Amino acid sequence: MVKVLMLSWEYGGRHVGFHLENLVGRLISKGYDVHTLHLSGDEYKDVRWGGITYTITPNIKTNLHIITSVFSSLGDYARAISSVVYDAGGFDLIHAHGLLVGLHGLMAKLAYGKPLLLTLYSLEEVRRDGTNLISLAIEGFERHLCDLADALVVNDKGLCKRIAEKYEIPWEKIHVLNEWDGIVDVYKEVLKR
Amino acid sequence: MKVLMLSWEYPPRIVGGLARHVYWLSQELGNMGVEVTMVSLDHPSAPMSEVEGRTKIVRSLSYRFPSPDFISWVYQFNYWMLEKILTNLKNDYDIIHVHDWLTAPAGITLKYIFRRPLVVTIHSTEFGRRMGIHNDFQRHIYETEWEEMFEAWKVVVCSEYMKREVISAFDVPLDKLWVIPNGVNPVSLDEKMSLVEARSRFAEPWEHIILYVGRMVFEKGTHIFVEAARQLLSRRWDAKFVLVGEGPLRANLTNIVENLGLSSKFYFTGFLPDEEVKILYNICDIVVFPSLYEPFGIVALEAMSAGKVVVASDTGGLSDVVIQDFNGLRVAPGDPTALQATIDHLLNHPQDRWRMGRNGLNTVYERFSWKSIAKQTIRLYRQILEEYDQGSWKPKPKQIS
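Residues numbered from 1 in each chain as written. Chains lettered and ligands numbered in written order. Predicted model: local features only at pLDDT ≥ 70, side-chain atom pairs only at ≥ 80, totals over all residues. Heavy atoms only, no water.

### Let's talk about the overall build of chain B
Helices and strands together make up the secondary structure of chain B, namely 16 helices and 14 strands. Whereas a compact globule of 401 residues would reach a radius of gyration of roughly 21 Å, chain B reaches 23 Å, a difference of no more than 12%. Across its three principal axes, chain B shows a C-alpha extent of roughly 75 × 40 × 40 Å. Residue burial in chain B is summarised as follows: out of 401 residues, 59% are buried. Split by element, the accessible area of chain B, about 16,300 Å² in all, is 52% carbon and sulfur. Charge separation in chain B, taken as the distance between the mean sites of 44 positive and 48 negative side-chain charges, equals 4 Å. (Helix = DSSP H or I, 4+ residues; strand = E, 2+ residues; numbered from the N terminus. Rg over C-alpha atoms; globule rule 2.2 N^0.38 Å. Buried < 20%, exposed > 50% of the residue type's maximum accessible area, 1.4 Å probe, protein only. Areas by Shrake-Rupley, 256 points an atom, 1.4 Å probe, with all protein chains shown as cover. Lys, Arg positive; Asp, Glu negative; His and termini not counted. Charge placed at Lys NZ, Arg CZ, Asp CG, Glu CD.)

### Observations regarding the sheet that holds strand β4 (residues 51-56) of chain A
Residues and elements named next belong to chain A. Taken together, the 8 strands give an open sheet; going across it, the order is β3-β4-β2-β1-β5-β6-β7-β8, and neighbouring strands pair in mixed fashion. Here the strands that pair on one side only, and so sit at the sheet edges, are β3 (45-48) and β8 (174-176). The sheet shows a mean angle of 20° between the axes of neighbouring strands, direction not considered. Packing against the sheet, helix α4 (residues 102-112) makes contact with β1 (3-7), β5 (93-97) and β6 (116-119), and its axis sits at approximately 175° to β6. (Pairing = 2+ DSSP bridges. Axes fitted to C-alpha atoms, helices over the stretch in contact; angles between N-to-C directions. Contact = heavy atoms within 4.5 Å.)

### Comments concerning the nonpolar core
L37, I81 and I163 of chain A together with Y79 of chain B are the most contacted members of the largest nonpolar core, which totals 153 residues. Two domains each donate at least three residues to this core, and these are domain 1 (2-183 + 369-400) and domain 2 (195-367) of chain B. Once residues within four sequence positions are removed from consideration, L37 of chain A is found in contact with L5, M6, L7, S8, Y54, I56, Y77, A80, I81 and V84 of chain A. (Core = buried A, V, L, I, M, F, W, Y, C linked by side-chain atoms within 4.5 Å. Domains from an automatic or database assignment.)

### Remarks on unusual backbone geometry
Glycine aside, residues mostly have negative phi, and peptide bonds are mostly found in the trans state. The amide bond that connects P11 of chain B to the next residue, P12 of chain B, takes the cis arrangement and shows omega of 10°. Within the secondary structure, P12 of chain B sits in the loop between β1 (2-6) and α1 (18-31). Its identity is not glycine, yet E168 of chain A carries a phi of approximately 50°, on the positive side. Relative to the elements of secondary structure, E168 of chain A occurs in the loop between α7 (157-166) and β8. The backbone of D325 of chain B sits at a positive phi, close to 65°, despite the residue not being glycine. When you line up the elements, D325 of chain B lands in the loop between α12 (318-321) and β14 (328-331).

### Here we look at the packing of helix α2 (residues 70-88) of chain B against helix α5 (residues 136-151) of chain B
The description of two packed helices rests on the angle between their axes and on the distance between the axes. Residues and elements named next belong to chain B. The contact between α2 and α5 brings their axes to 10 Å, and the two run at 30°. Facing F70, I71 and Y75 of α2, the residues of α5 in contact are F137, H140, I141 and T144. Along the lines of polarity and charge, the residues of the contact of α2 with α5 split into 5 nonpolar, 2 polar and no charged. (Nonpolar A, V, L, I, M, F, W, Y, C, P; charged D, E, K, R; others polar.)

### Comments concerning the domain arrangement of chain B
Residue and element names in this part refer to chain B. You can read the domains of chain B as domain 1 (2-183 + 369-400) and domain 2 (195-367). Centre-to-centre, using C-alpha coordinates, domain 1 lies 33 Å away from domain 2. The largest contributions to the domain 1 side of the interface with domain 2 come from Y161, N182 and S369, which together make up 36% of the buried area. Counting across the interface, domain 1 meets domain 2 through 1 salt bridge. In this structure, the salt-bridge partner of D274 is R20, at a minimum N-O distance of 3.4 Å. For the pair domain 1 and domain 2, the number of links is 5 residue pairs in polar contact (both at pLDDT 80 or more). (Buried area = accessible area lost by both parts, 1.4 Å probe. Salt bridge = Lys/Arg side-chain N within 4 Å of Asp/Glu carboxyl O. Polar contact = N/O pair within 3.5 Å; in protein donor to acceptor, adjacent residues only side chain to side chain.)

### Here we look at α4 of chain A
Residues and elements named next belong to chain A. Most of α4 sits out of view: 9 of its 11 residues are buried. All of the buried residues in α4 are G102, L103, H104, G105, L106, M107, A108, K109 and Y112. Looking at the residues trailing α4, positive phi occurs at G113, about 65°.

### Quick word on the interface of chain B and chain A
Note: interface size is frequently given as the accessible area lost on complex formation between the parts. With 34 residues of chain B in contact, the opposing surface of chain A contributes 35 residues. Three residues, Y75, Y79 and Y112 of chain B, lead the burial of chain B against chain A; their summed loss comes to 19% of the area buried on that side. On inspection of chain B and its partner chain A, the count reaches 2 salt bridges. Between E151 of chain B and R79 of chain A there is a salt bridge whose closest N-O contact spans 3.7 Å. Elements with a minimum of two residues in the side of chain B that touches chain A: α2, α3 (104-114) and α5 of chain B. Here the side of chain B that touches chain A takes 10 residues from α2 of chain B, the largest share from any one element. A breakdown of the residues in the side of chain B that touches chain A according to their chemical character gives 16 nonpolar, 9 polar and 9 charged.

### Details of the pattern of salt bridges
Summed over the entire model, instances satisfying the criterion amount to 39 salt bridges over all chains. For R26 of chain A, the salt bridge goes to D181 of chain A, with nearest N and O atoms at 2.7 Å. One end of the pair, R26 of chain A, is in helix α1 (residues 15-29); the other, D181 of chain A, is in the loop between β8 and α8 (183-192), and 155 residues separate them in sequence. By relative accessible area, R26 of chain A is classed as partly exposed at 28%. Taking the relative accessible area as the measure of exposure, D181 of chain A reaches 45% and is therefore partly exposed. For D238 of chain B, the salt bridge is made with R236 of chain B, and the minimal N-O distance between the two is 2.9 Å. Look at the salt bridges and you will find they share partners, linking E125, R128, E139, R162 and K166 of chain A into a network.

### Some words on the state of the cysteines
As enumerated under the stated definition, the model contains 0 disulfides over all chains in all. Distance from the sulfur of C160 of chain A, which forms no disulfide, to the nearest cysteine sulfur (C146 of chain A) is 11 Å. (Disulfide = S-S within 2.5 Å.)

### Some remarks on α7 of chain A
Residue and element names in this part refer to chain A. Those residues of α7 that sit buried are L159, C160, I163, A164 and K166. Structurally, α7 contributes buried residues whose contacts are with α5 (124-127), α6 (133-148), β7 (151-154) and β8. N-cap assignment for α7: the residue whose side-chain oxygen lies 2.9 Å from the backbone N of G158 is D156. In the stretch just after α7, E168 is the one whose phi turns positive, near 50°.

Set out below in structure tokens:
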């Protein structure tokens, strides 16, 4: 059984959390062992539809902006990842959702030598409000992650084209999936590599 | 025993006292058989990896992408440190040891990734440096310090004063705290050097030299020192006050001295290289530390190691280091009248200066040598590893595979 370490900032509800919940349900129904880590007010471990979710409470509550939120949560995610590795027998594949947990995924890849699949829902150039140092830093890490992830998943061709052009990422590394159709094939391909 | 030590400064990258601390600690630990891998930041004049003595030094990128503020930059270099460690080093360390909050994010993450005990040394705190927490920037640093102490197996502080500070500011349990002082290298001079000639550069032959070494900032109490000097000079003229260091208060204090017509009795040297400071320690008569906040006070030990009597504020780490009437004299912080009276007493009693100076020298050799500091650190490491081996957090062999 393939074990997937699923990393996200959010789970359930709307937006990314909604898509992720949908994906986790589909993977479990296909026999995958999914361990999902996401932020929450309380820290606990929960079993849902056969998958395990780990909710993470950040130790640091006062943040200045998105960069401090993301980086200060590295240790919090490492705590839960360590639990998956040492207490639940490890994982075969990392799937990180969005830039907010991309670095956490990269850290897990480097630490445990497992492939990283990164889903991007948008780019900083679309989200940002003018040119500022925060956005420039985020773009730097966006490029770094696109370079080092084993595969990228996006949900529209326009985003795929922009990533390929802006960050000079080979087209074959980016997969365009509609509603996660074909995700299992991407997993198989990444694992085979 | 293998230790992974993280510090944002390591020679030749020197920002404050931490670089020297981690340098001498790692070297002395190496001499005692501990394999230390020191992870620090790049420097234009240093290779990205080298071996110095028995310490392996690995330097990671300090800058790659823009940072909107200091904290963001700290997080970025922590991430580059992590990448460097995870891609270049093996997971075979017994202990991870970080210094201050600046490498805490990487240290905490490595603790969980490697499942190894984390040791944190707190050299000073944001709460102490700012005399409280006044904005979100400071609060973020304060919470990072809280987090690293919460995650640490043991927390090392340099003085009883710092122990009390972290207990009151962070609620750290008493049994988690270890007091290990900072070490000092005795001030030694080139024997060929003529001290008489050196002395003539700073004072007249008939003048006693009263020395201050440190940053010229409010918390160091330099303004108290100048006021004490003014009071003393109103009664005796055989003293010269030499102030070594830079800082925002320097221009203001120079103006005050000029307005008082006392310029000839003060010498503001500005920043001086270590060799020059050593000379001053050797030619002066009394060294004064009028601090209002001082977590440890390594400069007081450096003065003692030159065999000089120390007059220090009864505050912070200085209260631990300076033993009353044994190796120096303590005065109430912020009290220039008491300070000048104490200096006056010592100027009138050269035998007391000599006696306390000799005792200070012994204090440094017995309690604050790097050998002694390294021995105490190894004892701490051993205790931690004993507890770690007996506990359930350590991964079982099958978990590691």
